[in-house]
Amino acid sequence: MFKRSAREAFHWVKDCLGIFRQNPAMWMLVALSYVLLFMVIPAMVFLPVIVKLLVVIMGPFFLVLALTLYREADYGRDTEFSDIVVQVKPQLGKLVALGGACMVYGILISYVTSGDMQALDDMVNAKADAEALATRAVPLAIKMLVLMTPIFMSTWFAPMLVAHHQFSVWKAIKSSIAGCLTSVLSLTFAWILLTAGLALCMMATGIVVALVTAIIKPVGLILTSLTLLAFLLLATSLMLGLQYVSYRDIFAKKLDAKTLEPSAI
């Protein structure tokens, strides 16, 4: 079981890198769009709450567009982005419903953890010692991880199942969770491989950047910022690639082989 999962994870990572090498600039641009939508915009305190909620609700739709780009590149299809939008658009209502379900669950998580968050904030404002902060922060982090796991598993495969296999929202969520559970070892091994590879590359690059900083500090500081951004985008693009190839092998090839034919779009 472990050997099969490790082999599958290796092939997934290999396929991710293969797709990325086809057009690195495009995948970095896709990753930048993802980072702006799901990391930068939610962190902007001056934006109205309705804008942030709209991003969450539309999240599955944007994710499907990105993953479909990976699918087209994987199968060597030079498909226009507008054609992908047209293909996915009929499922927009269900994708928005999926995003709405994620939003509701996120609100519930906020409600459940609000007391712990407030207590931790009070301790920080009171300048509590590090040991006391750790005593409060570590259990909260574990609690958040446990609460976020269902939404992570629900959305790993569900958007593509809704968009390309016409699953209902509920069926897509159940199937996504089941797919994650049955392939948890493969997904974990693939994540570890990608993370370890990126960490090693970042360490090697960090040494070079540190040498430059020691010689020319202003240039080094700029180079450090650009390096961090580049690795963030690289990690995002590869994780999106992992999300696609795992969907491809676990669901797409079994559910609807016709979808993957060159004439699919």
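In short, a report on the structure.

Definitions and limits used
- Residues numbered from 1 in each chain as written.
- Predicted model: local features only at pLDDT ≥ 70, side-chain atom pairs only at ≥ 80, totals over all residues.
- Heavy atoms only, no water.
- Core = buried A, V, L, I, M, F, W, Y, C linked by side-chain atoms within 4.5 Å.
- Buried < 20%, exposed > 50% of the residue type's maximum accessible area, 1.4 Å probe, protein only.
- Helix = DSSP H or I, 4+ residues; strand = E, 2+ residues; numbered from the N terminus.
- Contact = heavy atoms within 4.5 Å.
- Expected span 1.5 Å × (residues − 1).
- Bend = angle between axes of the 7 residues up to and from the residue.
- Salt bridge = Lys/Arg side-chain N within 4 Å of Asp/Glu carboxyl O.
- Phe/Tyr/Trp six-rings, centres within 6.5 Å; stacked < 30°, edge-to-face > 60°.
- Lys NZ or Arg CZ within 6 Å of the ring centre and 35° of its normal.
- Polar contact = N/O pair within 3.5 Å; in protein donor to acceptor, adjacent residues only side chain to side chain.

1. Some points on the nonpolar core
Ranked by size, the top nonpolar core spans 48 residues in total, and within it Trp27, Val88, Phe157, Leu242 and Tyr247 carry the most contacts. Per element, the largest residue contribution to this core is ten residues, and it comes from helix α9 (residues 217–255). With residues up to four places along the chain from it excluded, the contact list for Val88 reads Phe61, Val64, Leu65, Thr68, Leu95, Ala163 and His164.

2. Points about helix α6 (residues 130–165)
Residues separated by three or four positions in an α-helix point in the same direction, a consequence of the helix having 3.6 residues per turn. If you check α6, its first and last C-alpha atoms are 50 Å apart, about what 36 residues at 1.5 Å a residue would give, namely 52 Å. At Ala158, α6 shows its largest bend, some 35 degrees, and a proline, Pro159, comes one to four positions later. Downstream of α6 by a residue or two, Gln166 has a phi angle that is positive, lying close to 55 degrees.

3. Some details on the pattern of salt bridges
Two side chains with opposite charge may pair up if their charged atoms get near one another. Here the structure, examined in full by the defined rule, presents seven salt bridges. Across the pair Asp15 and Arg248 runs a salt bridge, and its minimum N-O distance is 2.6 Å. Taken together, the residues Asp15 in helix α1 (residues 2–22) and Arg248 in helix α9 connect sequence positions 233 residues apart. Linked by salt bridges that have partners in common, Asp15, Asp74, Arg248, Asp249 and Lys253 make up one network.

4. Comments concerning the packing of aromatic side chains
With the rule as written, the count across this model stands at seven aromatic pairs. Judged by centre distance (6.5 Å) and plane angle (45 degrees), the rings of Phe2 and Phe189 are tilted. Of this pair, Phe2 sits in helix α1 while Phe189 sits in helix α8 (residues 184–215); the two residues are 187 residues apart in sequence, bridging distant segments of the chain. Here the aromatic rings of Tyr34 and Phe38 are separated by 4.7 Å at their centres, their planes lie at 55 degrees, and the arrangement is tilted. In this pair, Tyr34 and Phe38 both sit in helix α2 (residues 24–43), four residues apart, roughly one turn of the helix. A cation over a ring is seen here: Lys171 above Phe167, with NZ or CZ 4.4 Å from the ring centre.

5. Looking at the environment of Tyr105
Within the secondary structure layout, Tyr105 lies in helix α5 (residues 92–125). Tyr105 gets classed as partly exposed once you look at its relative accessible area, which sits at 27%. Taking the C-alpha atoms as reference points, Tyr105 and Met148, separated by 43 residues in sequence, lie 9.1 Å from one another. Once residues within four sequence positions are removed from consideration, Tyr105 is found in contact with Leu147, Pro150 and Ile151.

6. Overview of the side chain of Thr68
Along the chain, the position of Thr68 falls in helix α3 (residues 49–74). Judged by its relative accessible area of 0%, Thr68 falls in the buried class. Engagement of the side chain of Thr68 in a polar contact is seen with the side chain of His164, the distance being 2.8 Å. If we skip the residues at most four places from it in the chain, Thr68 touches Ile84, Gln87, Val88, Met160 and His164.

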